[in-house]
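What follows is each chain in one-letter form.
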Amino acid sequence: MTAVPDGWEQHTPHEISGLEKRALVIGPFGSNLKTSDYRDEGVPLVFVKDIRARNFSSPRAYVSTVKAAELGVHEVQPGDILITKMGEPPGDVALYDADVPGIITADCIRLRPASGFDCRFLLHAFRTPAVRRQVNEITTGAAQQKVSLDRFRTRLHISAPPLAEQKRIAAVLDQVDILRAKRREAVTLLDDLAQSIFLDMFGDPVGIMEKWPVEELGEVLEFLTSGSRGWAKYYTDSSGLLFLRIQNVKNGELHLEDIAYVDPPATKEAIRTRVKVGDVLLSITADLGRVAVVPSGMKGAHINQHLAILRAPSYNSTFFAEFLSSPAGERQIFGKNRQAVKAGLNFDDVRSLRIPAPSRDLQDRFELRLRAVRDLRKVHTTHLAALDELFESVQQRAFAGKLWDHEAA
């Protein structure tokens, strides 16, 4: 068990709720709240998805005031702690901060802290690695992981200092968390801006095929191939050539946080599956439809069997990839994935995909604008990573009882 700092005490959720059963409850059983009870207005319902999203501003459904009165024991009020009792794994937590009370639904736990406990301190406490590990230890089930209220009530142990220190710790962690939230918001806005640039330059992605001349990929592809199976025997620890897999292909770019290396023999197969700068990579099996462009500066890499290389010199690769990721491109890709017959796309499917052909000058200008947005996004992402590290450091010291005044400043 984790050591308790001097002056702190350990408490179970049952003790935090003041030993009051109605202060620590789960959502109603299915027979007590059915979809037929849902309304378009009234008292908001709170679902597991809302807790995971930490957002209670847009209720998914409501119940009448009469029904809410029947379910009064399941009411959630501003300042209550909400925890998911199912998931992969359970234990997501949020502070209910809506302006009006609501009703929790199945698989939600509501904890109403007694006096002597600060709700924001508890929010941060439930998110610490130590408490998350405890939740994992009391989780059961294979197909669907769940935590029972009885185990949650008595088998978790949360260390807490006196109330004044709880408030100080919560205030410090809140400040760093606010900075992280703002940085995440900036990253999201830049993602939206990238989509807006495509919309501004080429029109509605759904109607783009009617605005510009259209070609089949079979007419414009200079080279099309997929990766090879059985390359595990060529894996190396940390040297050789990059081996690109599905997890490396996302949102038009290569993500190389999780990488593998291979050292294959110089065969025709190795030459065929080696990427070139400007190639568009498309996942054609498994997680279908992922797209990325091979960036400049990449010194050789090979693809696995789930990826295909699309090489079309007459198109700007960035525009090419962005179109495949657009609603018009995705609709074609998934429309050819006849799951009942096969999984994924074959080469004939890829060649039959249709792509609009704006002027090359317009495509090139789109790349410049998109690159500026992505460069700025990388700066924000780097800052976010630094803030995440700062938060983890402050969190660790705070719950070890070592967050002194000068460190908090």
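This write-up is about the structure you can find in this document. Owing to the predicted nature of the structure, the values given are computational and were not obtained by experimental measurement. (Residues numbered from 1 in each chain as written. Predicted model: local features only at pLDDT ≥ 70, side-chain atom pairs only at ≥ 80, totals over all residues. Heavy atoms only, no water.)

Although it is not a glycine, Leu19 sits at a positive phi angle of roughly 60°. Looking at the element boundaries, Leu19 is found in the loop between helix H1 (13-16) and strand S2 (24-26). In this structure Leu19 comes out as exposed when scored by relative accessible area, which is 57%. Backbone geometry places Asn251, a non-glycine residue, at a positive phi of 55°. Mapped onto the elements, Asn251 comes out in the loop between strand S15 (249-250) and strand S16 (253-254). (Helix = DSSP H or I, 4+ residues; strand = E, 2+ residues; numbered from the N terminus. Buried < 20%, exposed > 50% of the residue type's maximum accessible area, 1.4 Å probe, protein only.)

With antiparallel pairing, 4 strands are arranged side by side in an open sheet as S12-S21-S18-S19. At either margin of the open sheet sits one strand with a lone partner, and together these are strand S12 (223-226) and strand S19 (291-293). The mean inter-strand angle of the sheet, taken between neighbouring strand axes irrespective of direction, is 20°. The pairing of S12 with strand S21 (residues 307-311) spans 4 bridges and is antiparallel. Counted as the bridge partner of Ser226 is Ala308 from S21. Where helix H11 (residues 317-325) meets the sheet, it contacts strand S18 (280-283), S19 and S21, and its direction lies at approximately 175° from that of S19. (Pairing = 2+ DSSP bridges. Axes fitted to C-alpha atoms, helices over the stretch in contact; angles between N-to-C directions. Contact = heavy atoms within 4.5 Å.)

It is a probe the size of a water molecule, rolled over the atoms, that shows where empty space is left. Quantified by volume, the largest pocket comes out at close to 1,300 Å³. Lining the largest pocket are 40 residues, with Lys250, Asn251, Gly252, Glu253 and Arg374 sitting closest to its centre. Secondary-structure elements contributing two or more residues to the lining of the largest pocket are helix H7 (163-202), S15, S16, S19, H11, helix H12 (327-335) and helix H14 (360-398). The residue makeup of the lining of the largest pocket, split by class, is 14 nonpolar, 13 polar and 13 charged. (1 Å grid on protein atoms, 1.4 Å probe; cavity = no way out; pocket = protein on both sides within 12 Å on 5 of 7 lines; lining within 4 Å. Points joined across faces, edges and corners; volume = space filled by probe spheres on them. Nonpolar A, V, L, I, M, F, W, Y, C, P; charged D, E, K, R; others polar.)

So, about helix H5 (residues 129-137). Along H5, the residues classified as buried are Val131, Gln134 and Val135. When H5 is viewed along its axis, its buried side chains cluster within an angular range of 100° and face the same direction. Residues of H5 that are buried sit in contact with helix H4 (119-126), helix H6 (149-155) and strand S10 (158-160). (Arc of directions from axis to C-beta.)

Counted under the stated rule, the structure contains 26 salt bridges. For Glu70, the salt bridge identified is with Lys67, shortest N-O distance 3.3 Å. Highlighted residues: Glu70 and Lys67, both in helix H3 (residues 65-70), separated by 3 residues, approximately one helical turn. Taking relative accessible area as the criterion, Lys67 reaches 15% and is therefore assigned buried. For Arg110, the salt bridge identified is with Asp80, shortest N-O distance 3.9 Å. Separated by 30 residues along the polypeptide, Arg110 in strand S9 (residues 108-111) and Asp80 in the loop between strand S5 (75-76) and strand S6 (81-84) bring together distant segments of the chain. Both residues of the pair, Arg110 and Asp80, count as buried. (Salt bridge = Lys/Arg side-chain N within 4 Å of Asp/Glu carboxyl O.)

In this section: the side chain of Lys85. Within the fold, Lys85 resides in the loop between S6 and strand S7 (93-95). Residues in contact with Lys85, not counting those within four places in the same chain, are Ile26, Pro90, Asp107, Cys108, Ile109, Gln145, Lys146 and Val147.

Leu217, Leu310 and Phe320 are the most contacted members of the largest nonpolar core, which has 37 residues in total. The contacts of Leu310, once residues within four sequence positions are left out, are Leu217, Leu221, Phe223, Leu224, Asp279, Val280, Leu282, Phe320, Leu324 and Val350. Ranked by size, the runner-up nonpolar core spans 35 residues in total, among them Leu95, Leu111, Phe121 and Leu122. (Core = buried A, V, L, I, M, F, W, Y, C linked by side-chain atoms within 4.5 Å.)

Now for the packing of aromatic side chains. Scanning the entire structure with this criterion turns up 17 aromatic pairs. Ring pairing ties together the aromatic residues Phe198, Phe202, Trp212, Tyr315, Phe319, Phe320 and Phe366, which thus form one cluster. In this arrangement the basic side chain of Arg180 is found over the ring face of Phe391, its NZ or CZ atom lying 3.9 Å from the centre. (Phe/Tyr/Trp six-rings, centres within 6.5 Å; stacked < 30°, edge-to-face > 60°. Lys NZ or Arg CZ within 6 Å of the ring centre and 35° of its normal.)

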